[in-house]
Amino acid sequence: MYNLVVFGAPGSGKGTQSARLIDEYGLYHISTGELLRDHIARDTQLGRVANEYISKGHLIPDNLMIDILEHTLESNPETAAGVIFDGFPRTIEQAKALKEMLAKRGSKVHAVVGLEVEDEELVERLLKRGLESGRSDDNLETINNRLEVYNKQTAPLREYYQNEGKYHGIKGSGSIDEIFNSIRESLKDTKE
Ligand code: AMP
């Protein structure tokens, strides 16, 4: 059992590094962003609500996001063996809820990987991704909102997890392999 949070600003490489980490550790991947985009693509009721927030670069309200995450954990028994949380938590309230949810299951967050990338590089990467992704939120105006939201609401989680002794800050620029190797090295002693 090993639960890992992959944390970082939009465009910091959370999805890319999560994919590598799944291969390495065989964990269940929960990307809240992907989950919401899947609802949008299927035009579900949740998808329509989520799109209102996502397209503006705002966060989905905590109570809704926490319910979605709890439901995902409950309906996928494989999560009991360990999960990579990619894009969740994004607020202190979500972090507290995650702690409670995992405690109820006799578990905890073992480590948090924080991918650290300069703002300028983030904008460049997101604009480039926008040319291919077709994502409604990879345009300059929404990108700026997302970075602002990140700095205000999500960045404080760094200190929250530092205080818990779980934060592993990783330089998120360089090649995918280099970054992945730094993560692997940093997490070496966090597995039970
Ligand atoms: P991502 O793919 O992780 O960049 O997420 C894309 C968008 O989905 C974010 O900009 C938010 O609008 C929404 N979202 C994803 N995860 C969360 C979360 N944990 N809390 C609130 N909103 C989220």
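Our structure's up above, just so we're on the same page.
One structure accompanies this document, and this report is about it. (Residues numbered from 1 in each chain as written. Predicted model: local features only at pLDDT ≥ 70, side-chain atom pairs only at ≥ 80, totals over all residues. Heavy atoms only, no water.)

Focus: the overall build of the chain
So, step 1. The helix and strand tally for the chain stands at 9 helices and 5 strands.
So, step 2. The linear arrangement of helices and strands in the chain, starting from the amino end, is β-α-β-α-α-α-β-α-β-α-α-α-β-α.
So, step 3. Over its C-alpha trace the chain gives a radius of gyration of 16 Å, about what one expects of a compact globule, namely 16 Å for 192 residues.
So, step 4. A principal-axis box enclosing the C-alpha atoms of the chain has dimensions of 45 × 40 × 30 Å.
So, step 5. Expressed as a percentage of the 192 residues in the chain, the buried residues total 47%.
So, step 6. Taking the contacts inside the chain whose residues are at least 6 apart along the sequence as the reference set, 76% of them involve residues at least 24 apart.
So, step 7. Total accessible area on the chain stands at roughly 10,000 Å², and carbon and sulfur atoms take up 47% of it. (Helix = DSSP H or I, 4+ residues; strand = E, 2+ residues; numbered from the N terminus. Rg over C-alpha atoms; globule rule 2.2 N^0.38 Å. Buried < 20%, exposed > 50% of the residue type's maximum accessible area, 1.4 Å probe, protein only. Contact = heavy atoms within 4.5 Å. Areas by Shrake-Rupley, 256 points an atom, 1.4 Å probe, with all protein chains shown as cover.)

A few points about the site of the ligand
So, step 1. As a matter of local geometry, the ligand sits amid 16 residues, with Thr 32, Arg 37, His 58, Arg 90 and Gln 94 nearest to it.
So, step 2. Within the backbone of Ile 60, one N or O atom sits 3.1 Å away from a nitrogen atom of the ligand.
So, step 3. Here Gln 94 contributes a side-chain N or O atom positioned 2.9 Å from a nitrogen atom of the ligand.
So, step 4. Contact with the protein chains removes 96% of the 480 Å² of surface that the ligand exposes when unbound.
So, step 5. When each cavity is represented as a set of grid points, the ligand is found to reside in the largest pocket.
So, step 6. It is helix α2 (residues 32-41) that provides the largest number of residues to the shell around the ligand, a total of 4 residues.
So, step 7. A breakdown of the residues in the shell around the ligand according to their chemical character gives 6 nonpolar, 5 polar and 5 charged. (Near = heavy atom within 4 Å. Polar contact = N/O pair within 3.5 Å; in protein donor to acceptor, adjacent residues only side chain to side chain. 1 Å grid on protein atoms, 1.4 Å probe; cavity = no way out; pocket = protein on both sides within 12 Å on 5 of 7 lines; lining within 4 Å. Sits in = over half its atoms within 2 Å of the grid points. Nonpolar A, V, L, I, M, F, W, Y, C, P; charged D, E, K, R; others polar.)

What to know about the packing of aromatic side chains
So, step 1. Summed over the entire model, instances satisfying the criterion amount to 4 aromatic pairs.
So, step 2. Pairing Tyr 2 with Tyr 25 gives two aromatic rings, centres 5.8 Å apart and planes at 65°, and the pair type is edge-to-face. Remark: Tyr 25 occurs in helix α1 (residues 14-25) and Tyr 2 occurs in the segment before β1 (4-8); sequence separation between them is 23 residues. Each member of the pair, Tyr 2 as well as Tyr 25, is classed as buried.
So, step 3. Through successive ring pairs, a cluster of aromatic residues spans Phe 7, Tyr 150 and Tyr 167.
So, step 4. Lying over the aromatic face of Phe 180, Arg 20 brings its terminal NZ or CZ to 4.5 Å of the ring centre. (Phe/Tyr/Trp six-rings, centres within 6.5 Å; stacked < 30°, edge-to-face > 60°. Lys NZ or Arg CZ within 6 Å of the ring centre and 35° of its normal.)

Here's the deal with empty space enclosed by the protein
So, step 1. Applying the stated criterion across every chain yields a total of 1 cavity of 30 Å³ or more.
So, step 2. Val 5, Val 6, Phe 7, Gly 8, Pro 10, Lys 14, Gly 87, Phe 88, Pro 89, Arg 90, Tyr 150 and Thr 154 together form the lining of the largest cavity.
So, step 3. Mapped onto the lining of the largest cavity, the elements with two or more residues apiece are β1 and α7 (140-154).
So, step 4. Of all the elements, β1 adds the most residues to the lining of the largest cavity, at 4 residues. (Points joined across faces, edges and corners; volume = space filled by probe spheres on them.)

Observations regarding the layout of surface pockets
So, step 1. By volume, the largest pocket is sized at about 990 Å³.
So, step 2. Along the wall of the largest pocket there are 41 residues; nearest its centre are Pro 10, Gly 11, Lys 14, Arg 129 and Arg 135.
So, step 3. For the lining of the largest pocket, the element with the highest residue contribution is helix α6 (residues 119-133), accounting for 6 residues.
So, step 4. When its residues are assigned to classes, the lining of the largest pocket shows 11 nonpolar, 17 polar and 13 charged.
So, step 5. Along its surface, the second largest pocket is lined by 14 residues, and Leu 115, Glu 116, Val 117, Tyr 150 and Arg 158 are the ones closest to its centre.
So, step 6. Listing elements by their share of the lining of the second largest pocket, those giving two or more residues are β1, β4 (111-116), α6 and α7.
So, step 7. Broken down by element, the lining of the second largest pocket gets its largest block of residues, 3 residues, from β4.
So, step 8. Considered class by class, the residues forming the lining of the second largest pocket number 8 nonpolar, 3 polar and 3 charged.

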